[in-house]
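Here is how the chains run, residue by residue.
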Amino acid sequence: MSAASANEMWGGRFSSGPDAIMEAINASVGYDQRLAPQDIAGSRAHAAMLAACGIITPEDAAAIDAGLVQVGEEIARGEFTFSPALEDIHMNVEARLREIIGPAAGRLHTARSRNDQVAVDFRLWVRDQCDAAIAGLDALMRAFVAQAEAGADWVMPGFTHLQTAQPVTWGHHMLAYVEMFARDKARFQDARARMNECPLGAAALAGTSFPIDRAMTAAALGFERPTANSLDSVSDRDFALEFLCAAAICATHLSRFAEELVIWSSAQFRFVRMSDRFSTGSSIMPQKRNPDAAELLRAKLGRILGATMALFTVMKGLPLTYSKDMQEDKEQVFDAADTLMLGLAAMEGMVRDLTANRAELEAAASAGFSTATDLADWLVRALGLPFRDAHHVTGALVKLAEDQGCDLPDLSLDQMQSVHGQITEAVYSVLGVQNSVASRTSAGGTAPENVRTRVAHWKEVLG
Ligand code: ARG
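Small disclaimer: the values here were computed from a predicted structure and weren't measured.

Asker: How would you sum up the packing of aromatic side chains? Please name residues and give values.
Answerer: Taken as a whole and judged by the stated rule, the model has 16 aromatic pairs. By way of ring pairs, the aromatic residues Phe144, Phe159, Trp170, Tyr177, Phe181, Phe257, Trp264, Phe269 and Phe271 are connected into one cluster. Sitting above the plane of the phenylalanine 223 ring, arginine 127 keeps its charged end 4.7 Å from the centroid. Sitting above the plane of the phenylalanine 122 ring, lysine 330 keeps its charged end 5.6 Å from the centroid.

Here's what the structure looks like:
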């Protein structure tokens, strides 16, 4: 047969072919052709199992396998003509297989349905994307750790409300993101482990009467085990939702650092310089260095979150088992995954190339009375004041400095004592930003020695 249309695959009971509009709304091959490698791997595993279980002959299985390899090569070389009339990747592959090997191709679909076929293809694809995200996150974390190592003791302002709060170290700020991305990685690992069950063999929805060996196909495709319930196998897409949720959280983290890069690279902050490789110029303002990549990364979360919402909306309220609604799962996930992988790579490049402006960071760290908390803590430690009183005294000292137009360390001892008579010369030792960060040695605190210990930990973990 010419296998020109899907009607020839399933149209035994139909007297006319589909309307052109029907074909247009129904066809998914325009995008699900991305599943070709997974589809062929799934079919090869299925055919081998059918032969091993005596359901098809070894000769037919060999012909099917060789034919599938050829189809895969044609697709990889871009020599394959995808036909929308054949609806989806599954029927395109099978139709071509029939052209190559003849009627034996018709035996491949024994004990199988497109419902379990697409479920296994999509799981394999999403599983690969989990691996890609994990690899991308590893590379990104290494870039942040390198920044942290270089600047373990560089002082910068730490912010709350984007107002100067307390001095922190550059290394500590970089490692904050490493913690976030490590959790993102763990989310992808968890999702991968949970999705690593093989739905193949669930057939249309109820299983099959053929004596198949589902453990064999599961093992061949690298799954831990076959799924346990055929209805669940063909009708859930929670694995894709989980991937999207992990991607959305990860993209949220990316967007937060992207935002910091946008702020930090501005002429008002000058905390960092983005490399030429990750900056763009303006067509009218010659002085401009725009952080376009960071801005785009800040925005990309929108697409990923949109895809997540879309798939939740597709899946919500669907009765078991498969409904064609579920064909709408793929494009969103493809786009979200592409966006995430590009985002991870772009962020890695930006972070690797990033130059921190150490002098500017330190100057900014000293501004805004950033060591006021250190002063209050000193009043508690040295003079035994209750913290609330120390806070009040410090507030008065900040006000005095503000009125004098100077910083806290610039106040004379007399001026200090005019606010609290017991203050001594020793107070000046806690007012420097270097002292401030060095003192923050509590577990998880910003002290350079903590940063160095944590850098060593991450270098060990990340290899
Ligand atoms: N292209 C379909 C999809 O992506 C494959 C499954 C079709 N199954 C069916 N019974 N029509 O969901």
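Asker: Now, about empty space enclosed by the protein: what can you tell me, with residues and values included?
Answerer: Unoccupied space between atoms shows up once a probe the size of one water molecule is rolled over them. Within this structure, the stated rule accounts for one cavity of 30 Å³ or more. A volume near 40 Å³ is recorded for the largest cavity. If you go around the largest cavity, the residues you meet are Ala251, Leu254, Leu297, Lys300, Leu301, Ile304, Thr339, Leu340 and Gly343. Counting residues per element, the ones that place at least two in the lining of the largest cavity are helix H11 (238-264), helix H12 (292-315) and helix H13 (330-353). Broken down by element, the lining of the largest cavity gets its largest block of residues, four residues, from H12. Residue classes in the lining of the largest cavity are distributed as six nonpolar, two polar and one charged.

Asker: Residue-level account of the nonpolar core, with values.
Answerer: Ranked by internal contacts, the top residues of the largest apolar core, which has 96 residues, are Trp170, Phe188, Phe257, Leu340 and Met347. At 17 residues, H11 tops the list of elements feeding residues into this core. Leucine 340 has contacts with Ala133, Phe188, Ala247, Cys250, Ala251, Leu254 and Ile304, leaving out every residue within four places of it along the chain. Residues Ala376, Ala401, Leu408 and Met416 belong to the second largest nonpolar core, which totals 21 residues.

Conventions adopted
- Residues numbered from 1 in each chain as written.
- Predicted model: local features only at pLDDT ≥ 70, side-chain atom pairs only at ≥ 80, totals over all residues.
- Heavy atoms only, no water.
- Phe/Tyr/Trp six-rings, centres within 6.5 Å; stacked < 30°, edge-to-face > 60°.
- Lys NZ or Arg CZ within 6 Å of the ring centre and 35° of its normal.
- 1 Å grid on protein atoms, 1.4 Å probe; cavity = no way out; pocket = protein on both sides within 12 Å on 5 of 7 lines; lining within 4 Å.
- Points joined across faces, edges and corners; volume = space filled by probe spheres on them.
- Helix = DSSP H or I, 4+ residues; strand = E, 2+ residues; numbered from the N terminus.
- Nonpolar A, V, L, I, M, F, W, Y, C, P; charged D, E, K, R; others polar.
- Core = buried A, V, L, I, M, F, W, Y, C linked by side-chain atoms within 4.5 Å.
- Buried < 20%, exposed > 50% of the residue type's maximum accessible area, 1.4 Å probe, protein only.
- Contact = heavy atoms within 4.5 Å.

By themselves, these figures tell us nothing about what the structure is for.
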